[in-house]
Amino acid sequence: TVDCAFKGTSESDRVSIQVWGRHREKPQHFYLIDDLTDQMTFTETLRALHAMCRKWPMAILKLIEETANGPAVMDLLQGQINGLIGFKPAQYGSKESRAQVAALSFEGAQVFIPAAEHFPTQDEWVSEICGFGTGWPFDDRVDAMSQLLIRWMTTHKTDPAAATKAALGWLN
């Protein structure tokens, strides 16, 4: 899942590229597998997304927020990267509303993040998620995470694991 930005300057929003998975037996459980969040130019975003796709070839869905540079990223990478799907955040209300929907999974103890020894930016990730709406300077990880959790919570209602079963067969 990707939350894009317009510029890669220190004053701009950051780009957040995250890889998530679901358990085959418990598709309502969501696992953060990888996270790359930083200020990136358009070309750096393209390179980072290519690198993440090479690192995690089993991730079949690449959900791109259709704001900022998202549409341009999708247009340029169409045919190069499979599984690109646009996410229109306005369909799901405000940024705060989307975060509240995603928060339901946290409250239900259904979101899991890697242990600190495997996830060097764990403290920063948790601070950003917990600090959302309280004046924390960034919300890019929240945007990327919430769009994916909303997508997974609102699709594949009869068989939630169907879309990711092949990609997540390695998770136990």
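Fair warning: this is a prediction, and the values are worked out from it, not measured in the lab.

1. Describing the pairing of strand β3 (residues 30–38)
Part 1 of the argument: Inspection of the sheet shows strand β2 (residues 15–22) paired to β3 by eight bridges, in the antiparallel sense. Directly across from Val19, in β3, lies its bridge partner Asp34.
Part 2 of the argument: Across two bridges, β3 lies against strand β6 (residues 111–112) in parallel orientation. When the bridges of β6 are listed, Tyr31 appears paired with Phe112.

2. Focus: the environment of Met153
Part 1 of the argument: Checked against the element boundaries, Met153 lands in helix α5 (residues 140–154).
Part 2 of the argument: For the pair formed by Met153 and Gln28, sequence separation is 125 residues and the distance between their alpha carbons is 7.7 Å.
Part 3 of the argument: Excluding residues within four positions of it along the chain, Met153 makes contact with Phe30, Val101, Ala102 and Ser105.

3. Structural notes on the confidence of the model for the chain
Part 1 of the argument: Looking at the chain as a whole, the pLDDT averages 83, with 87% of positions reaching at least 70.
Part 2 of the argument: The least confident element of the chain is helix α3 (residues 95–107), whose mean pLDDT is 84; the most confident is helix α1 (residues 42–55), at 95.
Part 3 of the argument: Considering only residues more than four positions removed or in separate chains, one finds that residues 158–172, a stretch of pLDDT under 50, has 25 contacts.

4. What about the pairing of β2?
Part 1 of the argument: Burial analysis of β2 places eight of its eight residues in the buried class, the great majority of the element.
Part 2 of the argument: Neither face of β2 is exposed, since Val15, Ile17, Val19 and Gly21 on one face and Ser16, Gln18, Trp20 and Arg22 on the opposite face are all buried.
Part 3 of the argument: Bridge analysis of strand β1 (residues 2–3) against β2 gives two bridges, and the strand direction is antiparallel. Paired with Asp3 across the two strands is Ser16, which belongs to β2.

5. A look at the pattern of salt bridges
Part 1 of the argument: Throughout the structure, instances matching the rule amount to 10 salt bridges.
Part 2 of the argument: Arg14 is the partner of Glu124 in a salt bridge, and the nearest nitrogen-oxygen pair spans 3.2 Å. Taken together, the positions of Glu124 in helix α4 (residues 122–131) and Arg14 in the loop between β1 and β2 put the pair 110 residues apart, joining distant regions of the chain.
Part 3 of the argument: The residue Lys55 makes a salt bridge to Asp34 at a minimum N-O spacing of 2.7 Å.

6. Points about the packing of aromatic side chains
Part 1 of the argument: One pass over the full model with this rule turns up four aromatic pairs.
Part 2 of the argument: Residues Trp20 and Trp125 carry aromatic rings whose centres are separated by 6.3 Å and whose planes lie at 50 degrees to one another, so their mutual orientation is tilted. Here the residue Trp20 occupies a position in strand β2, and Trp125 occupies one in helix α4, the gap between them amounting to 105 residues.
Part 3 of the argument: Exposure remark for Trp125: the relative accessible area of 2% places this residue in the buried category.
Part 4 of the argument: Residues Tyr31 and Phe112 carry aromatic rings whose centres are separated by 4.9 Å and whose planes lie at 15 degrees to one another, so their mutual orientation is stacked. A residue pair is termed long-range when its members are at least 10 positions apart, and Tyr31 in strand β3 and Phe112 in strand β6 qualify at 81 residues.

7. Quick notes on the nonpolar core
For soluble globular proteins, nonpolar side chains are generally found buried alongside one another.
Part 1 of the argument: Core analysis: the biggest nonpolar cluster contains 19 residues, and Val2, Ile17, Leu49, Ile64 and Leu77 have the highest contact counts within it.
Part 2 of the argument: Beyond its immediate sequence surroundings of up to four residues, Leu77 is in contact with Leu46, Leu49, His50 and Leu84.
Part 3 of the argument: Within the second largest apolar cluster, 18 residues are counted, among which are Phe87, Val142, Ile150 and Trp152.

8. Structural notes on the environment of Thr1
Part 1 of the argument: Relative to the helices and strands, Thr1 is located in the segment before β1.
Part 2 of the argument: With a relative accessible area of 8%, Thr1 lands in the buried category.
Part 3 of the argument: Taking the C-alpha atoms as reference points, Thr1 and Asp35, separated by 34 residues in sequence, lie 9.6 Å from one another.
Part 4 of the argument: What Thr1 contacts, discounting residues up to four positions off in sequence, is Ser16, Ile17, Gln18, Trp20, Leu63, Ala144, Gln147 and Leu148.
Part 5 of the argument: Polar contacts involving the side chain of Thr1 include one to the main-chain carbonyl oxygen of Ala144, which spans 2.9 Å.
Part 6 of the argument: Here the side chain of Thr1 touches Gln147 through a polar contact of 2.8 Å, side chain to side chain.

What counts and how
- Residues numbered from 1 in each chain as written.
- Predicted model: local features only at pLDDT ≥ 70, side-chain atom pairs only at ≥ 80, totals over all residues.
- Heavy atoms only, no water.
- Pairing = 2+ DSSP bridges.
- Helix = DSSP H or I, 4+ residues; strand = E, 2+ residues; numbered from the N terminus.
- Contact = heavy atoms within 4.5 Å.
- pLDDT = per-residue confidence, 0-100.
- Buried < 20%, exposed > 50% of the residue type's maximum accessible area, 1.4 Å probe, protein only.
- Salt bridge = Lys/Arg side-chain N within 4 Å of Asp/Glu carboxyl O.
- Phe/Tyr/Trp six-rings, centres within 6.5 Å; stacked < 30°, edge-to-face > 60°.
- Core = buried A, V, L, I, M, F, W, Y, C linked by side-chain atoms within 4.5 Å.
- Polar contact = N/O pair within 3.5 Å; in protein donor to acceptor, adjacent residues only side chain to side chain.

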